[in-house]
Amino acid sequence: MGHLNPNPVLDPTEDKTMVLNMGPQHPSTHGVLRLLLEIDGETIVRMMPDIGFLHTGIEKTCEAKFYQQIVPLTDRIDYLCPMVNNLCYVMAAEKLLGLEVPPRAQWMRVMLAELQRISSHLVWLGTHAMDIGAMSVFLYCFREREDLLRIYEMVSGQRMMTSYFRIGGLALDPPLGFFEKVKKFLDVFPEKVDEYENLLTGNRIFIDRLKGVAQISAEDGLAIGLSGPSLRASGIDFDLRRDMPYCGYENFKFKVPVKKEGDVWARYLCRVAELRESREIAKQALEGMPSGPTKAEAPKVVLPDREKMKTQMEALIYHFKIVTEGFTVPEGEVYQAIESPRGEMGYYIVSDGTAKPMRVHMRSPSYANLQALPQMCEGRLIADVVAAIGSIDIVLGEIDR
Amino acid sequence: MPLTPVITDLEQLKDRRVLADLLSWRAGAVQGARLDRNELTIFIAREAIRDVCARLKTQVLTDFLSDLTCADFYPREPRFEVAYHLLSIKHKERVRLKVVLSGDDAVVESITPVWPSANFFEREVFDLFGIRFLGHPYLRRIMMPEDWEGHPLRKDYPVEGYR
């Protein structure tokens, strides 16, 4: 939130430019992003993003919480894919602890993370298309997202702020009938993607608005910090799930969609292809779901089952200890990165050997991706800004933290 | 993955690709190294950080700046550790560079000329920790309002209550 008013920031060199304020309450800035545009007629000469309107100091709050109390905070960073945030945080904490997670928990995590990728991309697709002017796609996408939210509610009791992944495993074993419901969704989902593609991929208005707009080359994208589908659309074939596997992703077979053009259209095609690939991974995870426990054997870290807590003295003591004074984590620091729907999401945690972290930092993909926006838009028209914002798929909760 | 002891001996780590290159190129820039939980940390002299980053980007192909952040070890002095997380897309490996800064002289050279992506990250560290980056094109507050006093992520800044 650096700029109180636009005039001292942008200094028009010639008389013919003017400064236009876009946001923070603009519907197509996907939250509270404020853009200062210096324009010459309809052409953008300079653009400056202004962020920080949603800054809540989550990193500072984390330093005052026990390790297990941070999980619900991570939901609120990227509210479109809370479980992916949970996953990244708990994996970083498990790496600090040196904790091994049972296979069933890992596969459940992969399956749910991919479902979250689908629901996050659905929100992106719906809002992006609506920004361009295709209203009906939004309603179609939210129809499927509703099914997914019911699945999350079934497994965690919450539609959005799930907090389902815990340090050392999962909060609970999934309920009866859960896998059938997931299977039902995955079976019908490819047809639904066909429906969206029927509406958009061959649509001439849509193509004209997207093709060749807001191009960025591979070198520029790397230098400016783009990651995830936005970078892959520029021709860099890199996906953390495949190239630096975590959480058992090495057991799954999937393709990584890559495009060369680096424009909004390429980013659209990449994400739509990812919808199908994510469904593939979730299907494989569902079919090969191992049986067994969903929590690690670590009584000092993982909360005991309710039943055990009521019948066994040790379990009760551990429960009391974990809840009241947390668990200590060996000294050290880790950086754990995973592939979130938007790109490389990383958690940097420094532990000083106590029950509270000394420093938690989130490397949020949207924050880095946003930096590419001026480069994409300068020299183009104002109408293209809306398409460009949609194409990098930013979430402001994650940018401001 | 049970925890293994931390290795801080340069001799044992000198075969690592990034460290080997830096040692052969300019050994004076490397102040130490640490291998903890399979993550390599290299401590870099403050004056050398921009040259080291430029070298790693062009010669060693750690071409992607994942993250840039800081940790405050108050009341220990020197209290700040600025951490640069680099990723090599070709070699699929990560390395962490660190620069240690004292509280009364928290200034380091900006690496924005090397990686434009460092722009926002450095602004964030400046805003929340009060570390100045020399040569940064636009070092202004980014999260907090412009007229805010203090740097919230410092350890001597309270989590709650009045300042």
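Note that the structure is a prediction, hence the values are computed from the model and not measured. (Residues numbered from 1 in each chain as written. Chains lettered and ligands numbered in written order. Predicted model: local features only at pLDDT ≥ 70, side-chain atom pairs only at ≥ 80, totals over all residues.)

## Some points on the overall build of chain B
Working step 1: Each helix and strand in chain B was counted, giving 4 helices and 7 strands.
Working step 2: Listed N to C, the secondary structure of chain B is α-α-β-β-α-β-β-β-β-α-β in terms of helices and strands.
Working step 3: Here the C-alpha atoms of chain B give a radius of gyration of 17 Å, agreeing with the 15 Å that 2.2 N^0.38 yields for 163 residues.
Working step 4: In chain B, which comprises 163 residues, the share counted as buried stands at 39%. (Helix = DSSP H or I, 4+ residues; strand = E, 2+ residues; numbered from the N terminus. Rg over C-alpha atoms; globule rule 2.2 N^0.38 Å. Buried ≥ 20, exposed ≤ 12 C-beta atoms within 10 Å, placed from the backbone.)

## Points about the environment of B:Gly32
Residue and element names in this part refer to chain B.
Working step 1: The residue Gly-32 is located in strand E1 (residues 30–36) in this model.
Working step 2: For Gly-32, a count of 14 C-beta atoms within 10 Å puts it in the partly exposed group.
Working step 3: Residues Gly-32 and Glu-146, spaced 114 residues apart in sequence, show a C-alpha to C-alpha distance of 37 Å.
Working step 4: Non-local contacts of Gly-32, meaning those with residues more than four positions away in its chain, are made with Thr-8 and Phe-43. (Contact = placed C-beta atoms within 7 Å.)

## Observations regarding the sheet that holds strand E2 (residues 34–40) of chain A
Residues and elements named next belong to chain A.
Working step 1: On the basis of which strands lie adjacent, the open sheet formed by 3 strands has the order E1-E2-E3 and antiparallel pairing. At either margin of the open sheet sits one strand with a lone partner, and together these are strand E1 (18–22) and strand E3 (43–50). Taken over all neighbouring pairs, the strand axes of this sheet differ in orientation by 25 degrees on average, direction set aside.
Working step 2: Judged from the 7 bridges that link them, E2 and E3 form a sheet pairing that is antiparallel. (Pairing = 2+ DSSP bridges. Axes fitted to C-alpha atoms, helices over the stretch in contact; angles between N-to-C directions.)

## Focus on the confidence of the model for chain A
Working step 1: Mean pLDDT over chain A works out to 87, with 96% of the residues at or above the 70 mark.
Working step 2: Across residues 4–9 of chain A, confidence stays below pLDDT 50; counting only partners more than four residues off in sequence or on other chains, it has 7 contacts. (pLDDT = per-residue confidence, 0-100.)

## Considerations on the pairing of E1(B)
Residue and element names in this part refer to chain B.
Working step 1: Note that E1 and strand E2 (residues 39–44) share 6 bridges and pair antiparallel. Bridge assignment links Leu-35 to a residue of E2, and that residue is Leu-40.
Working step 2: Where E1 folds back on E2, the antiparallel hairpin that results is connected by 2 residues, among which Arg-37 adopts a positive phi of roughly 50 degrees.

## A closer look at the nonpolar core
Working step 1: Judged by nonpolar contacts, the single largest core of 163 residues is most densely connected at A:Leu87, A:Ala388 and B:Ile131.
Working step 2: Of all the elements, helix H4 (residues 103–132) of chain A adds the most residues to this core, at 15 residues. (Core = buried A, V, L, I, M, F, W, Y, C linked by C-beta atoms within 7 Å.)

## Details of the packing of helix H5 (residues 135–156) of chain A against helix H6 (residues 178–200) of chain A
Residue and element names in this part refer to chain A.
Working step 1: Packing of H5 against H6 brings their axes to within 11 Å, and their N-to-C directions diverge by 165 degrees. By the criterion of interaxial angle, the relationship of H5 to H6 is roughly antiparallel. H5 and H6 meet at a crossing whose hand is left-handed. On the side of H5, the interface is formed by Ser-136, Val-137, Tyr-140, Cys-141, Glu-144, Asp-147, Leu-148, Ile-151, Met-154 and Val-155, while H6 contributes Phe-178, Lys-181, Val-182, Phe-185, Phe-189, Lys-192, Glu-195, Tyr-196, Leu-199 and Leu-200. (Parallel < 35°, antiparallel > 145°, perpendicular 65-115°, else oblique. Left-handed = near helix turned anticlockwise from the far one by under 90°.)

## Some details on H5(A)
Residues and elements named next belong to chain A.
Working step 1: With 22 residues, H5 should reach 32 Å at 1.5 Å per residue; the first-to-last C-alpha distance of 31 Å fits that figure.
Working step 2: Among the residues making up H5, those that are buried are Val-137, Cys-141, Glu-144, Leu-148, Ile-151, Tyr-152, Val-155 and Ser-156. Down the axis of H5, the buried side of the element spans an arc of 120 degrees, and every buried residue falls inside it. In H5, the exposed positions angled more than 90 degrees off the buried face are occupied by Met-135, Ser-136 and Leu-139. (Expected span 1.5 Å × (residues − 1). Arc of directions from axis to C-beta.)

## Considering unusual backbone geometry
Working step 1: The step from B:Tyr74 to B:Pro75 runs through a cis peptide bond, and the omega angle for that step is 5 degrees.
Working step 2: Mapped onto the elements, B:Pro75 comes out in the loop between strand E3 (64–72) and strand E4 (80–88).
Working step 3: Residue B:Pro78 follows B:Glu77 across a cis peptide bond; omega there is 0 degrees.
Working step 4: If you trace the backbone, B:Pro78 turns up in the loop between E3 and E4.
Working step 5: Within the chain, A:Ser163 stands out as a residue other than glycine whose phi angle is a positive 50 degrees.
Working step 6: Positive phi, close to 50 degrees, is recorded for B:Arg37, a residue that is not glycine.

## A few points about the interface of chain B and chain A
Working step 1: Contact residues are listed per partner, giving 34 residues for chain B and 40 residues for chain A.
Working step 2: Among the elements of the structure, E3, E4, strand E5 (93–101) and helix H4 (118–129) of chain B are those that each provide at least two residues to the side of chain B that touches chain A.
Working step 3: With 6 residues, E3(B) is the single largest residue contributor to the side of chain B that touches chain A.
Working step 4: In the side of chain B that touches chain A, the residues fall into 18 nonpolar, 5 polar and 11 charged. (Nonpolar A, V, L, I, M, F, W, Y, C, P; charged D, E, K, R; others polar.)

## Concerning the pairing of E3(B)
Residues and elements named next belong to chain B.
Working step 1: Within E3, 9 of the 9 residues are buried, which leaves it mostly tucked inside the rest of the structure.
Working step 2: In this structure, E3 lies alongside E4, joined through 8 bridges in antiparallel fashion. Across the sheet, the residue bridging to Phe-64 is Leu-87, located in E4.

## A closer look at the sheet that holds strand E7 (residues 343–351) of chain A
All names here are of chain A.
Working step 1: Ordered in space as E6-E7-E8, the 3 strands form an open sheet in which the pairing is antiparallel. One side of each edge strand has no neighbouring strand; the edge strands of this open sheet are strand E6 (332–340) and strand E8 (359–363). On average, each strand axis in the sheet is tilted by 10 degrees relative to the strand beside it, whichever way the strands run.
Working step 2: Of the pairings in the sheet, the one linking E6 to E7 comprises 9 bridges and is antiparallel in character. Across the sheet, residue Glu-339 finds its bridge partner in E7, namely Glu-344.
Working step 3: Strand contacts of helix H3 (residues 82–97): E6 and E7, with the helix running at about 150 degrees to E6, the strand carrying the most contacts.

## Considerations on the environment of A:Glu339
All names here are of chain A.
Working step 1: Checked against the element boundaries, Glu-339 lands in strand E6.
Working step 2: It is 6.2 Å that separates the C-alpha atoms of Glu-339 and Arg-241, two residues lying 98 residues apart in sequence.
Working step 3: For Glu-339, the residues in contact, after removing those within four places along its chain, are Gly-228, Asp-239, Leu-240, Arg-241 and Glu-344.

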